[in-house]
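Survey of secondary and tertiary structure
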Amino acid sequence: MSADIDELDARILTLVQEDANLSVAEIAEKVNLSPSPCWRRLKRLEDIGVIRKRVTLLEPDQLGLGFEVYAAVKLSLPSRENLEAFEARLAEWPEIVSCATVTGREDYMLRIVTRDMHAYDDFMRDKLLASDLVSAIESRIVIRSVKTTTALPLKLVVPGAEG
């Protein structure tokens, strides 16, 4: 079930998706609203869970973490118990920045960020393959990222919204 947001909410969300450092006054000015009603809208969007949290995005290459891999993981036996056990282990591995259960031959699609090929190989051998839960891994090394965004397409929710 989706939250009930209007075009003004969508404009506010578009702004904070682009720059979470904007002050309430700056957001209010950009959407032609006074600060108090703008703050109430932001607060409501947080309270109903539309705004989950505000973060700072880091540049991986500047930190020496420019090696990115998508890995399709198949479990030995995809039972509820094994799915839950594997997912619990994932929480302990910071190299995995995204994980989704998927349809098809594999059970999970992981996005893994690390320093280089050797660090990925160590991670794969020492963590993923060390688990008796995993039967196969198919890795796809990213050559170049073409599009990366955290912004959701709000125009699909509110016709006429930007973004």
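You'll find the protein entered in an unreviewed UniProt entry as Lrp/AsnC family transcriptional regulator, with Asticcacaulis currens given as the organism.

**Describing the overall build of the protein**
Tallying secondary structure elements over the protein gives five helices and four strands in all. Along the protein, from the amino end to the carboxyl end, the secondary structure elements read α-α-α-β-α-β-β-α-β. What you see for the protein is a C-alpha radius of gyration of 20 Å, clearly larger than the 15 Å of a compact globule of 163 residues, by over 25%. With 163 residues in all, the protein has 29% of them scored as buried. Within the protein, counting contacts between residues at least 6 apart in sequence, those at least 24 apart form 61% of the total. Roughly 11,200 Å² of accessible area belongs to the protein as shown, and the carbon and sulfur atoms make up 51% of that amount.

**Observations concerning the sheet that holds strand β2 (residues 96-101)**
Read across the open sheet, the four strands follow the order β2-β3-β1-β4; overall the sheet is antiparallel. In the strand order of this sheet, the two ends are held by β2 and β4 (134-141), each with one partner. Neighbour-to-neighbour, the strand axes of the sheet open up by a mean angle of 20°, direction not taken into account. Sheet topology places strand β1 (residues 67-75) next to strand β3 (residues 108-114); seven bridges connect them, and they run antiparallel. Residue pairing for β3: Ala72 is matched across the bridge by Met109. Against the sheet, helix α5 (residues 117-128) contacts β1, β2, β3 and β4, and its axis sits at roughly 165° relative to β4.

**Description of a negative patch on the surface**
A contiguous patch of negative charge, built from Glu18, Asp19, Glu26 and Glu29, is present on the exposed surface. Along the chain, the position of Glu18 falls in helix α1 (residues 7-18). Taking the relative accessible area as the measure of exposure, Glu18 reaches 69% and is therefore exposed.

**Some words on a nonpolar patch on the surface**
Judged by side-chain polarity, Leu58, Leu63 and Leu65 come together as a nonpolar surface patch covering roughly 300 Å² of accessible area. Tracing the backbone shows Leu58 in the loop between α3 (35-47) and β1. Looking at Leu58, the relative accessible area reads 63%, which means it is exposed.

**Some thoughts on the UniProt feature "domain: HTH asnC-type" (unreviewed entry) in the protein**
As recorded in UniProt, the sites labelled "domain: HTH asnC-type" (unreviewed entry) are residues 5-66. Across residues 5-66, the secondary structure splits into 52% helix and 0% strand, with the terminal C-alpha atoms separated by 37 Å.

**Side note on the side chain of Asp9**
Looking at where Asp9 falls in the secondary structure, it is placed in helix α1. Assessed through its relative accessible area of 1%, Asp9 is described here as buried. If near-sequence neighbours (up to four positions away) are discounted, Asp9 is found in contact with Asp4, Arg41, Arg44 and Leu45.

**Side note on the nonpolar core**
Core analysis: the biggest nonpolar cluster contains 18 residues, and Phe86, Leu110, Ile112 and Tyr120 have the highest contact counts within it. Taken together, the elements giving at least two residues each to this core come down to β1, α4 (80-90), β3 and α5. Among the elements that make up this core, the one with the highest residue count is β1 (five residues). In this view, Leu110 contacts Val69, Tyr70, Ala71, Val73, Leu90, Ile96, Ser98, Cys99 and Leu128; residues no more than four positions away in its chain are not counted. With 17 residues, the next largest nonpolar core counts Ile27, Leu45, Val158 and Ala161 among its residues.

Parameters and conventions
- Residues numbered from 1 in each chain as written.
- Predicted model: local features only at pLDDT ≥ 70, side-chain atom pairs only at ≥ 80, totals over all residues.
- Heavy atoms only, no water.
- Helix = DSSP H or I, 4+ residues; strand = E, 2+ residues; numbered from the N terminus.
- Rg over C-alpha atoms; globule rule 2.2 N^0.38 Å.
- Buried < 20%, exposed > 50% of the residue type's maximum accessible area, 1.4 Å probe, protein only.
- Contact = heavy atoms within 4.5 Å.
- Areas by Shrake-Rupley, 256 points an atom, 1.4 Å probe, with all protein chains shown as cover.
- Pairing = 2+ DSSP bridges.
- Axes fitted to C-alpha atoms, helices over the stretch in contact; angles between N-to-C directions.
- Patch = residues over 30% accessible without salt bridge, like charges linked within 9 Å, V, L, I, M, F, W, Y side chains within 5 Å.
- Salt bridge = Lys/Arg side-chain N within 4 Å of Asp/Glu carboxyl O.
- Lys, Arg positive; Asp, Glu negative; His and termini not counted.
- Charge placed at Lys NZ, Arg CZ, Asp CG, Glu CD.
- UniProt positions renumbered as here; feature names shortened; annotations may be inferred.
- Core = buried A, V, L, I, M, F, W, Y, C linked by side-chain atoms within 4.5 Å.

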